[in-house]
Amino acid sequence: MNTDTIIKVENVHVSFWQNNVGVYSIKDLITHRKSPFKSKTILNNINVEVRKGESLGILGRNGSGKSTLLRTIAGVIRPDHGTITVNGSFAPILAIGAGLELELTGYENISMLLALYGTRRKNTNAVENIKEFSELSEDVLRMPVKQYSSGMIARLAFSISLANDSDILIIDEVLAVGDQGFQAKCMEKIYQIKAQGKTILFVSHFPDDVARICDKAILLEQGELIHSGNAIDICNNYRSLF
Ligand SMILES: Nc1ncnc2c1ncn2[C@@H]1O[C@H](COP(=O)(O)OP(=O)(O)OP(=O)(O)O)[C@@H](O)[C@H]1O
Ligand SMILES: [Mg+2]
């Protein structure tokens, strides 16, 4: 592997068991000869290489496998075959709210995740920084996360992932649910992080944002990587899908 390669995804294949029959009773499970579960290929033979300091955009329709690819890179999902090599650290908050415990309050989630990442020991202001960036009020942070709006969840999740001073920043549609003020603030933060030479994996349905932030991009279609290259070209490929 090249010394400045930070992420290498080689021949990765992921499949999930899916049930399109609905709820199955125990009796059905025992008496039904055919299993209601079918294996579905979600990612097929994916190859991606990201170098240190590069920003990779990941584009594709709903259900094309973008979040699954991020989760696989982060080690949350194990591929059926293929290898993933990561030469850096990242905060494993992926999709909006993934990693957050919905029954716990905002504050409890912050404490839990900071402890998990070992951030608190290194940065005593971490809680204050998260509070400030998220702009969530005391009252909101004392509420269980299950009572949050999707924008509030995005604010909390993104602010916690920023507190972790990791080499790789993973952003999965954070900008989509934030309001205009938060979007602008996130964009500014993303530029700062990019200027610090960190690596960014950026999933978005907005090609203009991908073209602005990313150096290169990939386009997924039904679990296949159909285009890879310069971000501006891949954004045009994405637009031509619709
Ligand atoms: N835990 C799971 N079990 C079974 N199938 C799953 C699971 N998670 C995702 N899938 C399936 O994997 C496919 C890809 O999902 P994924 O969330 O990666 O898509 P996506 O590109 O991120 O979509 P979106 O733009 O809507 O966020 C979908 O068909 C989805 O139904
Ligand atoms: Mg997704």
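Predicted model, so just to flag it, every value in this text is computed and none were measured.

A. Fine view of the sheet that holds strand β7 (residues 216–221). If you walk across this open sheet you meet the five strands as β5-β6-β3-β7-β8, and the pairing is mixed. Looking at strand neighbours, the two that pair on one side only are β5 (168–172) and β8 (224–230), the edges of this open sheet. Between one strand axis and the next, the sheet turns through 15° on average, direction left out of account. By the bridge criterion, five bridges tie strand β3 (residues 55–60) to β7 in an arrangement that is parallel. Bridge assignment links Gly-60 to a residue of β7, and that residue is Leu-220. Each of β3, β5, β6 (199–203) and β7 is contacted by helix α2 (residues 66–73), which is oriented at about 140° to β3, the strand it contacts most.

B. Representation of helix α11 (residues 231–239). Those residues of α11 that sit buried are Ala-231, Ile-234, Cys-235 and Tyr-238. All buried residues of α11 lie within an arc of 105° about the axis, which places them on one face of the element. The elements touched by buried residues of α11 are β3, α10 (207–213), β7 and β8. Here α11 starts with a cap whose side-chain oxygen sits 2.9 Å from the backbone nitrogen of Ile-232, and that cap is Asn-230.

C. Broad picture of the site of ligand 1. Near ligand 1 there are 15 residues, and of these Gly-63, Lys-66, Ser-67, Thr-68 and His-205 occur at the shortest range. Side-chain polar atom of Thr-68 to an oxygen atom of ligand 1: 2.5 Å apart, as the coordinates give it. When isolated, ligand 1 has an accessible area of 640 Å², and the protein chains bury 63% of it. Within the residue set of the shell around ligand 1, elements represented by two or more residues are β1 (5–19), β2 (37–51) and α2.

D. How the structure looks around the sheet that holds β1. Spatial strand order, β2-β1-β4: three strands in an open sheet with antiparallel pairing. Both outer strands of the open sheet, β2 and β4 (81–86), are each paired with one neighbouring strand and no more. Here the strands of the sheet are splayed against their neighbours by 25° on average, with no regard to which way each runs. Pairing of β1 with β2, which is carried by 11 bridges, proceeds in the antiparallel orientation. The residue of β2 that forms the bridge with Ser-15 is Thr-41. The strands touched by α2 are β1, β2 and β4; relative to β1, the strand with the most contacts, the crossing angle is about 120°.

Cut-offs applied
- Residues numbered from 1 in each chain as written.
- Chains lettered and ligands numbered in written order.
- Predicted model: local features only at pLDDT ≥ 70, side-chain atom pairs only at ≥ 80, totals over all residues.
- Heavy atoms only, no water.
- Pairing = 2+ DSSP bridges.
- Helix = DSSP H or I, 4+ residues; strand = E, 2+ residues; numbered from the N terminus.
- Axes fitted to C-alpha atoms, helices over the stretch in contact; angles between N-to-C directions.
- Contact = heavy atoms within 4.5 Å.
- Buried < 20%, exposed > 50% of the residue type's maximum accessible area, 1.4 Å probe, protein only.
- Arc of directions from axis to C-beta.
- Polar contact = N/O pair within 3.5 Å; in protein donor to acceptor, adjacent residues only side chain to side chain.
- Near = heavy atom within 4 Å.
- Areas by Shrake-Rupley, 256 points an atom, 1.4 Å probe, with all protein chains shown as cover.

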